[in-house]
Amino acid sequence: MAGTTVKTEAVVLRSIRYGEADRILHLYSRQRGRIGAIAKGARKPRSRFGGRLEPFFRLDLVLHEGRGDLLTVTSASTLDGYPRLRSSAPALGAGARACDAVLRLLDSAEPNPPAYNLLCRYLALLDDPGQEGAAALEAAISFRLKLALAAGFAPELASCASCGEAEHLVGFSGAAGGVVCSSCEAGSFELSEGAHAFMLEALAQPLTAAPAAEPLALRQVERAIGETLEHHAHVQLRAAA
């Protein structure tokens, strides 16, 4: 069978039943960005793939690239299955929202190592049983902000996105793509100092050190990220929680 062999590390974003025994996989890979693949016979009781073609698995894959849009999985070995994540309903939900955000925002076949590494770090964080409650929400919103940065859609936070003014930053405009000053606030929503500080710190700190914030500030940050991506990436994300 003519074609190319592709070897890559990848995370399963979505796994869909297809036909009598196959699976269609949406993958995000280290070497090839977004990949669509088919795993033939994956749902047979004695499939060589076992249960590792489910969402969140990080795999070492060998795929066959032919003429069609879908690559064919020929080999898959587990690098990390994140077992504790799978035993927690909140972590499962957060992982699903993260994978959905990657699916919606990153559709290129070009590699994006920062985005891939970010996804792997977030899944590892969700696999940590200590991530619960408010800290988990702060990490989820930090993940979205960092993902926007990796995709090239980070909001302007240092000065007014409309006029460049560095003082009196009072609002956020998704259309303008960032914070706005009091002179340019028409059409914006109020952004508290706490929300602005959270965004600056979250981008500067590792995902494991997401800053603390009040619920109102987190809602404002989530809205800021969402409106930025709607206006500039034409992508609408699911609610973070």
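Structure's up top.
In this report, we go over the structure that sits alongside the text. Residue numbers run consecutively from 1 along every chain, following the written order of its sequence. At least 70 in pLDDT is required for a residue's local features to be given in this predicted model, at least 80 for side-chain atom pairs to be given and counted, and no such filter applies to totals for whole chains, interfaces and linings, which use all residues. Excluded from the side-chain calculation are hydrogens and water; included are all heavy atoms of the structure.

1. Thoughts on the nonpolar core
To qualify as a nonpolar core, a set must consist of buried Ala, Val, Leu, Ile, Met, Phe, Trp, Tyr and Cys residues joined through side-chain atoms within 4.5 Å. Here the term buried applies to any residue with accessible area under 20% of the maximum for its type, exposed to any over 50%, and partly exposed to those in between, with areas from a 1.4 Å probe on protein chains only. Of all hydrophobic cores here, the largest spans 52 residues; its most connected members are Leu-13, Val-102, Tyr-122, Phe-143 and Leu-147. Put simply, the parts of the chain that give this core at least two residues each are β1 (4-18), α2 (89-105), α3 (113-126), α4 (133-150), α5 (193-204) and α6 (215-232). For this core, the leading source of residues is α3, giving nine residues. Judged by nonpolar contacts, the second largest core, of 18 residues, contains Val-6, Ala-42, Leu-71 and Val-73. Secondary structure is summarised from DSSP: a helix means a run of H or I of at least four residues, a strand means a run of E of at least two, and numbering begins at the N terminus for each.

2. Details of the side chain of Ser-15
Checked against the element boundaries, Ser-15 lands in strand β1. Polar contacts, as counted here, are pairs of nitrogen or oxygen atoms within 3.5 Å of one another; within protein the pair requires one atom able to donate a hydrogen and one able to accept it, and residues that are adjacent in sequence qualify only if both atoms are side-chain atoms. At a separation of 3.1 Å, a polar atom in the side chain of Ser-15 contacts the side chain of Arg-23. At a separation of 3.0 Å, a polar atom in the side chain of Ser-15 contacts the main-chain carbonyl oxygen of Leu-53. Two residues form a contact once any of their heavy atoms are found within 4.5 Å. Those residues in contact with Ser-15 that lie beyond four places of it in its chain are Arg-23, Ile-24, Leu-25, Leu-53, Glu-54 and Pro-55.

3. Concerning the packing of α2 against α3
Axis definition: a line fitted to C-alpha atoms, over the contacting stretch in the case of helices. Angles run 0 to 180 degrees between N-to-C directions. At their nearest, the axes of α2 and α3 sit 10 Å apart, and the two run at 170° to each other. It follows from the interaxial angle that α2 and α3 lie roughly antiparallel. Facing α2, whose interface residues are Ala-91, Ala-94, Gly-95, Ala-98 and Val-102, α3 presents Leu-119, Tyr-122, Leu-123 and Leu-126. Ten residues, namely Ala, Val, Leu, Ile, Met, Phe, Trp, Tyr, Cys and Pro, are considered nonpolar, four, namely Asp, Glu, Lys and Arg, are considered charged, and the remaining ones, Gly among them, are considered polar. Considering only residue class, the contact of α2 with α3 consists of eight nonpolar, one polar and no charged. Should an angle fall under 35 degrees it is taken as roughly parallel, and over 145 as roughly antiparallel, whereas 65 to 115 is taken as roughly perpendicular and any remaining angle as oblique.

4. Focus on empty space enclosed by the protein
Taking a probe equal in size to a water molecule and rolling it over the atoms shows the remaining empty space. For cavity detection a 1 Å grid was placed over the protein atoms alone, and a set of points counts as a cavity when a 1.4 Å probe fits there but cannot get out; an open set counts as a pocket when protein lies on both sides within 12 Å along at least five of seven lines, with lining residues being those that have an atom within 4 Å of a point. Grid points are joined across faces, edges and corners, and a volume is the space filled by probe spheres set on the points. For the structure shown, the criterion picks out one cavity of 30 Å³ or more. Estimates place the volume of the largest cavity at around 60 Å³. Contributions of two or more residues to the lining of the largest cavity are made by α2 and α4. The leading source of residues in the lining of the largest cavity is α2, at four residues.

5. Considering the packing of α5 against α6
Where α5 meets α6, the closest approach of the two axes is 8 Å, and the angle between their N-to-C directions is 60°. Here α5 lies oblique to α6, going by the angle between them. When the axes of α5 and α6 are compared, the crossing they make is right-handed. Two secondary-structure elements touch here, α5 through Gly-194, Ala-195, Phe-198 and Met-199 and α6 through Ala-217, Leu-218, Gln-220, Val-221 and Ala-224. Within the contact of α5 with α6, the residues separate by chemical class into seven nonpolar, two polar and no charged. A crossing counts as left-handed when the near helix is turned anticlockwise from the far one by less than a right angle, and as right-handed when that turn is clockwise.

6. Comments concerning the sheet that holds strand β4 (residues 58-65)
One requirement defines pairing of two strands: DSSP has to find at least two bridges between them. Around the barrel, which closes on itself, the five strands sit in the order β1-β2-β3-β5-β4 with mixed pairing between neighbours. On average, each strand axis in the sheet is tilted by 45° relative to the strand beside it, whichever way the strands run. The strands touched by α2 are β1, β2 (22-29) and β3 (33-39); relative to β1, the strand with the most contacts, the crossing angle is about 115°. Sheet strands in contact with α3 are β1, β2 and β4, and its direction is about 50° off that of β1.

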